[in-house]
Amino acid sequence: MLELSGGTVVDADGRRAADVAVADGEVTAIGPDLESEADRRLDVTDRYVAPGLVDAHVHLALDARADVTTLRGDEETMLAYRGAAHLREAVRAGVTTVRDLGGPATLAVDAREAVAEGVLEGPRVVPAGQNITMTGGHAHYVGGCEVDGVAEARKAARTQVKRGAEALKCMATGGILTEGAETGAPELFEDEIRAIVEVGEAAGVPVAAHAHGTGGIKNAVRAGVDSVEHGTFMDAEAAEMMAERGTYWVPTTRALVAIAAVGVEGGIPEWVVAKTDDAVDDHRASFDLALEAGVPVAMGTDAGTPFNDHAGAAEEMELLVERGLSPAGALEAATVGAADLLGLDGVGLVRDGYRADLVVLDSDPLADATAWRDPVAVVAGGDLVSADLG
Ligand SMILES: [Zn+2]
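Residues numbered from 1 in each chain as written. Predicted model: local features only at pLDDT ≥ 70, side-chain atom pairs only at ≥ 80, totals over all residues.

What follows deals with the overall build of the protein. Broken down by element type, the protein carries 10 helices and 19 strands. On C-alpha atoms alone, the protein measures out to a radius of gyration of 20 Å, which is about the 21 Å that the 2.2 N^0.38 rule sets for 390 residues. If one aligns the C-alpha atoms of the protein with their principal axes, the spans along those axes are about 60 × 45 × 40 Å. Counting the 390 residues in the protein, one finds 59% classified as buried. (Helix = DSSP H or I, 4+ residues; strand = E, 2+ residues; numbered from the N terminus. Rg over C-alpha atoms; globule rule 2.2 N^0.38 Å. Buried ≥ 20, exposed ≤ 12 C-beta atoms within 10 Å, placed from the backbone.)

Here three strands make up an open sheet; going across it, the order is β8-β9-β10 and the pairing parallel. One side of each edge strand has no neighbouring strand; the edge strands of this open sheet are β8 (53-58) and β10 (124-127). Across this sheet, the average inter-strand angle for adjacent strands is 20°, counted without regard to direction. Note: β8 against strand β9 (residues 95-100), four bridges, orientation parallel. Along β9, the bridge assignment pairs Asp 55 with Val 98. (Pairing = 2+ DSSP bridges. Axes fitted to C-alpha atoms, helices over the stretch in contact; angles between N-to-C directions.)

Let's shift gears to the sheet that holds strand β6 (residues 40-43). If you trace the four strands from one edge of the open sheet to the other, you get β5-β4-β1-β6, paired in mixed fashion. The open sheet has two edge strands, β5 (26-31) and β6, and neither has a second partner. On average, adjacent strands in this sheet sit at an angle of 20° to one another, irrespective of strand direction. Across four bridges, strand β1 (residues 2-5) lies against β6 in parallel orientation. Bridging from a neighbouring strand, Leu 4 pairs with Leu 42 of β6.

Time to look at the pairing of strand β2 (residues 8-11). Within a regular strand, the side chains alternate between the two sheet faces. The sheet contact formed by β2 and strand β3 (residues 14-17) spans four bridges and is antiparallel. Within the sheet, the bridge partner assigned to Val 10 lies in β3 and is Arg 15. The hairpin turn running from β2 into β3, its antiparallel successor, is two residues long. Alignment of β2 against strand β7 (residues 48-51), held across two bridges, turns out to be parallel. Residue pairing for β7: Val 9 is matched across the bridge by Val 49.

What follows covers the nonpolar core. Counting 132 residues, the largest nonpolar core has Val 49 and Ile 196 as the members making the most contacts within it. Looking at which element gives the most residues to this core, the answer is helix α10 (residues 327-342), with nine residues. Structurally, this core is a two-domain feature, drawing no fewer than three residues from each of domain 1 (2-51 + 348-387) and domain 2 (53-342). Sequence-distant contacts of Ile 196, that is, excluding residues within four places in its chain, are made with Ile 132, Ala 153, Ala 157, Leu 168, Cys 170 and Val 207. (Core = buried A, V, L, I, M, F, W, Y, C linked by C-beta atoms within 7 Å. Domains from an automatic or database assignment. Contact = placed C-beta atoms within 7 Å.)

Domain boundaries in the protein define domain 1 (2-51 + 348-387) and domain 2 (53-342). Computed from C-alpha atoms alone, the centre-to-centre distance between domain 1 and domain 2 is 29 Å. With 21 residues of domain 1 at the contact, the number on the domain 2 side is 23 residues. Where the side of domain 1 that touches domain 2 is concerned, the elements lending two or more residues are β18 (377-380) and β19 (383-387). Residues of the side of domain 1 that touches domain 2, tallied by class, amount to 13 nonpolar, four polar and four charged. (Nonpolar A, V, L, I, M, F, W, Y, C, P; charged D, E, K, R; others polar.)

So, about the environment of Pro 206. Secondary-structure assignment places Pro 206 in the loop between α4 (190-203) and β14 (207-211). In this structure Pro 206 comes out as buried when scored by C-beta crowding, with 23 C-beta atoms within 10 Å. The spacing of Pro 206 and Gly 329 is 123 residues in sequence and 22 Å in space, taken between C-alpha atoms. Look past the residues within four positions of Pro 206 in its chain and what remains in contact with it is Ala 167, Gly 200, Asp 226, Ser 227, Leu 341, Leu 342 and Gly 343.

With 14 residues, helix α3 (residues 150-163) extends 20 Å between its outermost C-alpha atoms, agreeing within 8% with the 20 Å of an ideal straight helix rising 1.5 Å per residue. Tucked into the core, α3 has its buried residues touching β11 (132-134), β12 (145-147), β13 (168-171) and α4. Once α3 ends, the next one or two residues include Gly 164, with phi positive near 110°. (Expected span 1.5 Å × (residues − 1).)

You can see Pro 365 is positioned in the loop between β17 (358-361) and β18. Residues Pro 365 and Thr 96 lie 269 residues apart in sequence; the distance between their C-alpha atoms is 16 Å. Here Pro 365 is in contact with Val 10, Tyr 48, Ala 50, Pro 327, Leu 331, Ala 371 and Trp 372, once residues within four sequence places are set aside.

Glycine aside, residues mostly have negative phi angles, and peptide bonds mostly take the trans form. Positive phi is not limited to glycine here, since Glu 35 has a value of about 45°. Within the fold, Glu 35 resides in the loop between β5 and β6. Classification of Glu 35 as exposed rests on a count of 10 C-beta atoms within 10 Å. Positive phi, close to 45°, is recorded for Ala 105, a residue that is not glycine. Tracing the backbone shows Ala 105 in the loop between β9 and α2 (107-116). By the C-beta count within 10 Å, which is 16 here, Ala 105 ends up partly exposed.

With their axes 9 Å apart at the nearest point, helix α6 (residues 236-245) and helix α8 (residues 270-293) run at an angle of 40° to one another. The angle between α6 and α8 falls in the class oblique. As α6 packs across α8, the resulting crossing turns out to be right-handed. Counting all contacts with α6, which are made through Ala 236, Ala 239, Glu 240 and Ala 243, the residues of α8 involved are Leu 289, Ala 290 and Ala 293. Looking at the contact of α6 with α8 residue by residue, the classes come out as six nonpolar, no polar and one charged. (Parallel < 35°, antiparallel > 145°, perpendicular 65-115°, else oblique. Left-handed = near helix turned anticlockwise from the far one by under 90°.)

See the structure below:
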């Protein structure tokens, strides 16, 4: 049993002075002067106790190298060992839940089990299994499952569910990291995406669509997906469609910003940098459209893409605010919003009976988005994974 004493609790419900007691993976009591029976007590006076971040879009198998295509031919075991290191990086950076949106075979499903068993240190993993893409489609070369037609799409979706996927990921358009693919061009057709959505609905797992181009975004939204990932070339109509249906947007801003900042000098292939440079301004404009229309936002980093390492959620929080969200809006997107998108109950608030996923911060994240940098303590699923209270 653990108690965090003397701090200010801060979450989507606001802020209040309260001690927090944790036992058996849950918050068991919260309030002033608890004086619980805790065998370990952390003095967090003058500090803030916030919910751990939920990152709705990562790739545990990817290691942020400059040229992703050089992963071709790496054994799955090697990718899994790297994934173990990425889990540790993420949780120490204050991320207590990650949704893996596509990797080879059962890598992310197994990561979920390894963390749950206590074999690996890491955030809770919500795995999508393999991404579902058309033949030759985006990310087919990093463990994608290639399908054509409704029957194959259905089969691929059911295969992921059978293996234990808690989300499904499909490719509605081309992408930046696949050579030859046009970023904005539609890929899976609307009927193929709908088949995946129907499997997801029957199994109770949300469906995420990678979509940059306007047409692909609309195909995915009409097909009924739960989230549009990236959403680079959104237009006003797409934003309104999403707002009306409650389709989440996961902007993954850091993925684009990291590539644009480093460029070819850092070893990123020229075609990747060119596609990114074409996308950055439109992606920024998508924020104006989405916020104006009231599209719900969930935080996701796309961690693993070039120079976008697994410890970067705090930077995504700052980018969300730079692009127009309030610090409170960013907190919501990374806690209750992302938890809602992932279909997780009891996650995202500091509340009695909720999962004990907590970060201790030096400043108030409702006032200042940079507060998420370098959490001084992290509790994940009730375990104190790091504490540097000075
Ligand atoms: Zn991704």
